[in-house]
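So the chains spell out like this:
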Amino acid sequence: MMSLTVRQERMRLLALASVERLEAGLSAITPPDYEVVRGPETGLVMIRGRVGNTGDAFNMGEALATRCVVSLKDGCLGYAWILGEDARRAELAALYDALWQRDGYAEPLDRELLPALEAERARRVREDAAAVEPTRVDFFTLVRGED
């Protein structure tokens, strides 16, 4: 059985992956038959926050989320929660979660899909940082008007 933090990291990468990347990963493996146990269902979830990550929790607002649960024929369940409304992406993420729990699929997924998911996420972070960089303000260089 895998540690919870490893599974959490995999589920995070699956939730952040594009549907194209998840579809492409299916071509490298032959997934077993599975059935959708619950969903995909789309609804609103409450986003909560804490000031400084230490204060009392408060409601920030609502976000659209899609969840899905799939079952492999051997009874192994896979779960997925993703932001937004994309039923196919939620179903694929749940399928991969279930497959990662099976010995025959874990190693090929670790070797083929995991690096692709990490690379896609790193690329998106770089692109977002590059898009935001031109708007950066260096407050230490601003004149305060006291001179």
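Refer to the preceding data block for the structure.
Residues numbered from 1 in each chain as written. Predicted model: local features only at pLDDT ≥ 70, side-chain atom pairs only at ≥ 80, totals over all residues. Heavy atoms only, no water.

1. Brief notes about the sheet that holds strand β2 (residues 57-72)
Consideration 1: Read across the sheet, three strands follow the order β1-β2-β3 without closing on themselves; strand pairing throughout is antiparallel. Two strands bound the open sheet, and with one partner strand each, they are β1 (34-50) and β3 (77-83). Going from strand to strand, the sheet's axes swing by 25° on average, the running direction of each strand aside.
Consideration 2: Relative to β3, β2 runs antiparallel, the two sharing seven bridges. If you follow A65 over to β3, its bridge partner there is L83.
Consideration 3: Packed onto the sheet, helix α3 (residues 87-100) meets β1, β2 and β3 and runs at close to 140° relative to β3. (Pairing = 2+ DSSP bridges. Helix = DSSP H or I, 4+ residues; strand = E, 2+ residues; numbered from the N terminus. Axes fitted to C-alpha atoms, helices over the stretch in contact; angles between N-to-C directions. Contact = heavy atoms within 4.5 Å.)

2. Quick look at the pattern of salt bridges
Consideration 1: According to the stated counting rule, one finds 14 salt bridges in the structure shown.
Consideration 2: Residue R12 is joined to E9 by a salt bridge in which the shortest nitrogen-to-oxygen separation is 2.8 Å. Of this pair, R12 and E9 both sit in helix α1 (residues 4-16), three residues apart, which is roughly one turn of the helix.
Consideration 3: By relative accessible area, R12 is classed as partly exposed at 37%.
Consideration 4: Two residues, D110 and R10, come together in a salt bridge whose shortest N-O distance is 2.9 Å. Remark: R10 occurs in helix α1 and D110 occurs in helix α4 (residues 103-132); sequence separation between them is 100 residues.
Consideration 5: Residue class for D110 comes out partly exposed when judged on its relative accessible area of 29%.
Consideration 6: You can call R10 buried: its relative accessible area is 11%.
Consideration 7: Taken together, the salt bridges that share partners define one network made up of E23, R88 and E91. (Salt bridge = Lys/Arg side-chain N within 4 Å of Asp/Glu carboxyl O. Buried < 20%, exposed > 50% of the residue type's maximum accessible area, 1.4 Å probe, protein only.)

3. Considerations on the layout of surface pockets
Consideration 1: Taken as a whole, the largest pocket encloses approximately 220 Å³ of empty space.
Consideration 2: If you trace the largest pocket, you find it lined by A15, L16, V45, A65, W81, I82, L83, R89 and R124.
Consideration 3: Within the residue set of the lining of the largest pocket, elements represented by two or more residues are α1 and β3.
Consideration 4: Element by element, the count of residues in the lining of the largest pocket is highest for β3, at three residues.
Consideration 5: Residue composition of the lining of the largest pocket, grouped by class: seven nonpolar, no polar and two charged. (1 Å grid on protein atoms, 1.4 Å probe; cavity = no way out; pocket = protein on both sides within 12 Å on 5 of 7 lines; lining within 4 Å. Points joined across faces, edges and corners; volume = space filled by probe spheres on them. Nonpolar A, V, L, I, M, F, W, Y, C, P; charged D, E, K, R; others polar.)

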